[in-house]
Amino acid sequence: MDNDNTQIISSQRVRNKTLISFLFFFLFIASCIAIWKWIYKQPADNGTPKPLRTVLNANEKIFSSVFSDNHLTKTYPPSAAAVKVRKNGDEGMSADFDATKWKLQVVRNAGDTVLISLEEIKALPKTEIIFDFKCIEGWSQVTHWGGVKFSDFAARYNLNNQTHLGYVGMNTPDKKYYVGIDSKSILHPQTILCYEMNGKPLPANQGYPLRLIIPVKYGVKHLKRIGTIFFSNERPPDYWYERGYDYYGGL
Ligand SMILES: Nc1nc2c(c(=O)[nH]1)N[C@H]1C(S)=C(S)[C@@H](COP(=O)(O)O)O[C@H]1N2
Ligand SMILES: [Mo]
């Protein structure tokens, strides 16, 4: 049998090649470590080293520019909704909260805050949504919510100029949990001010009397127990952004 593909390589050459490969491998690992160290030595911007924050901000620019109202989050039939709904996160859910005294505060302009009762909110047209609720911790669950579309609410309370300022901020009544949301996402047709889960009033730890349900965002933005809503042309403070996550939180 002739075997012209076979080459005889000296064991010396094999040794040299192996050595060179190892050298390159070592240099590669060493530069990875050096870059990693450099990144973490840079000053932080809201809990994230500046170079990584720059990447997050660039991602936000790209994803918010392709975001559109026509992109609806996938919905499910009621039978797909979980009966035992997961709960997660209790920042701003202090025990001394008195729901009987609660009214939603909407800051229309400086010195112009409207107080709105749950009854008034429930009197607005109701929208239900069943979708896959996603938490950045890595779990998701199909859940069923009811409330008023934020866009319907904004129209009823003459907030059309405000909603186009760029951002909406929301706080819990004790101000310990807070989120900022871009105008496009708050006006998305599936975003609701939510007062029902599985056809019943929201359970206390799920945000009674009112929470945000915003399917185009990760769970962090679905603020439970809304105290105040305000509007701004700059990013309002955001609890998890200040702890290193990206601001946009889009899906
Ligand atoms: N007030 C308040 N709202 C919050 C949180 C929180 O800690 N406090 N956590 C958020 C996070 S990280 C998630 S995943 C969802 C969880 O909602 P659930 O408890 O109804 O499952 O609530 C969001 N809203
Ligand atoms: Mo979450």
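Look above for the structure.
Keep in mind that this is a model prediction, so the values were computed, not measured.

*Asks:* So what exactly am I meant to see when it comes to the site of ligand 1 here?
*Replies:* Within the structure, ligand 1 sits among 19 residues, and Arg86, Asn88, Glu91, Arg211 and Lys224 are positioned closest to it. In the environment of ligand 1, an oxygen atom lies 3.0 Å from a nitrogen or oxygen atom belonging to the side chain of Gln206. Each residue belonging to the shell around ligand 1 can be placed in one class, and the counts come to seven nonpolar, six polar and six charged.

*Asks:* I would appreciate a short explanation of the pairing of strand S5 (residues 127-134) in the present structure.
*Replies:* Looking along a regular strand, one sees the side chains alternate between the two faces of the sheet. Among the eight residues that make up S5, six are buried, leaving the element largely enclosed by the rest of the structure. Where S5 and strand S6 (residues 140-149) come together, eight bridges link them in antiparallel fashion. Bridged to Ile130 within S6 is His144. Taking the residues between adjacent antiparallel strands as the criterion, S5 and S6 are bridged by five residues, where Gly138 takes a positive phi near 110°.

*Asks:* I'm lost on unusual backbone geometry in this one. Help?
*Replies:* Backbone phi values are negative for most residues with the exception of glycine, while trans is the configuration of most peptide bonds. Here Tyr208 and Pro209 are connected by a cis peptide whose omega angle stands at 5°. Following the sequence through the fold, Pro209 ends up in the loop between strand S10 (200-201) and strand S11 (211-213). With phi around 65°, Lys175 is a residue other than glycine that occupies positive phi space. The topology assignment puts Lys175 in the loop between strand S7 (167-171) and strand S8 (178-182).

*Asks:* Got a minute to help me understand the nonpolar core in this structure?
*Replies:* A general trend in soluble globular proteins is that nonpolar side chains are found buried together. Formed by 36 residues in total, the largest nonpolar core has its most connected members in Leu104, Phe150, Phe153, Met170, Leu193 and Ile229. Looking at this core, the elements that each hand over two or more residues are strand S3 (104-109), strand S4 (112-116), helix H3 (118-122), helix H4 (150-156), S7, S8, strand S9 (192-197) and strand S12 (228-232). Apart from the residues lying within four places of it in its own chain, the contact partners of Met170 are Phe150, Tyr177, Tyr178, Val179, Ile186, Leu193, Leu212, Leu223, Ile226, Thr228, Ile229 and Phe230. Ranked by size, the runner-up nonpolar core spans twelve residues in total, among them Phe133, Cys135, Trp145 and Leu202.

*Asks:* Is there a simple way to think about the sheet that holds S3 in this case?
*Replies:* Strand pairing in a sheet takes place through backbone hydrogen bonds and is either antiparallel or parallel in direction. Pairing within the open sheet is mixed, and its five strands lie in the order S4-S3-S12-S7-S8. The two strands at the open ends of the sheet, each matched to only one other strand, are S4 and S8. Direction aside, the axes of adjacent strands within the sheet are offset by 20° on average. Relative to S12, S7 runs antiparallel, the two sharing five bridges. For Met170, the partnering residue across the bridge sits in S12 and is Ile229.

*Asks:* How do you make sense of the pairing of S7 when you look at a structure like this?
*Replies:* With respect to burial, S7 is a largely interior element, five of its five residues being buried. Residues Tyr167, Gly169 and Asn171 point to one face of S7 and Val168 and Met170 to the other, with burial holding for every one of them.

*Asks:* Please clarify how the pattern of salt bridges should be interpreted in this entry.
*Replies:* Side chains that differ in sign of charge can pair as their charged atoms come close. Evaluated as defined, the whole model comprises eight salt bridges. Between Asp238 and Lys221 there is a salt bridge whose closest N-O contact spans 2.8 Å. Residue Asp238 is found in the segment after S12, and its partner Lys221 is found in the loop between S11 and S12; the two are separated by 17 residues along the sequence. Neither residue differs from the other here; Asp238 and Lys221 are each classed as buried. With a shortest N-O distance of 3.9 Å, Glu242 and Arg243 are connected by a salt bridge. Residue Glu242 is classed as partly exposed on the basis of its relative accessible area, which comes to 32%.

*Asks:* What is the right way to look at the packing of aromatic side chains in this model?
*Replies:* For any pair of aromatic rings, geometry is given as the distance between the ring centres together with the angle between the planes. What the rule picks out here adds up to twelve aromatic pairs. Ring geometry for Trp36 and Tyr40: centres 5.0 Å apart, planes at 40°, overall tilted. With a gap of four residues between them, Trp36 and Tyr40 both fall in helix H1 (residues 11-41), about one helical turn apart. Among the residues examined, Tyr40 registers a relative accessible area of 47% and is labelled partly exposed. Here the aromatic rings of Tyr178 and Tyr239 are separated by 5.9 Å at their centres, their planes lie at 70°, and the arrangement is edge-to-face. With Tyr178 in strand S8 and Tyr239 in the segment after S12, the pair connects residues that are 61 residues apart, well separated along the chain. Owing to a relative accessible area of 8%, Tyr239 belongs among the buried residues under this scheme.

Rules used in this analysis
- Residues numbered from 1 in each chain as written.
- Chains lettered and ligands numbered in written order.
- Predicted model: local features only at pLDDT ≥ 70, side-chain atom pairs only at ≥ 80, totals over all residues.
- Heavy atoms only, no water.
- Near = heavy atom within 4 Å.
- Polar contact = N/O pair within 3.5 Å; in protein donor to acceptor, adjacent residues only side chain to side chain.
- Nonpolar A, V, L, I, M, F, W, Y, C, P; charged D, E, K, R; others polar.
- Buried < 20%, exposed > 50% of the residue type's maximum accessible area, 1.4 Å probe, protein only.
- Helix = DSSP H or I, 4+ residues; strand = E, 2+ residues; numbered from the N terminus.
- Pairing = 2+ DSSP bridges.
- Core = buried A, V, L, I, M, F, W, Y, C linked by side-chain atoms within 4.5 Å.
- Contact = heavy atoms within 4.5 Å.
- Axes fitted to C-alpha atoms, helices over the stretch in contact; angles between N-to-C directions.
- Salt bridge = Lys/Arg side-chain N within 4 Å of Asp/Glu carboxyl O.
- Phe/Tyr/Trp six-rings, centres within 6.5 Å; stacked < 30°, edge-to-face > 60°.

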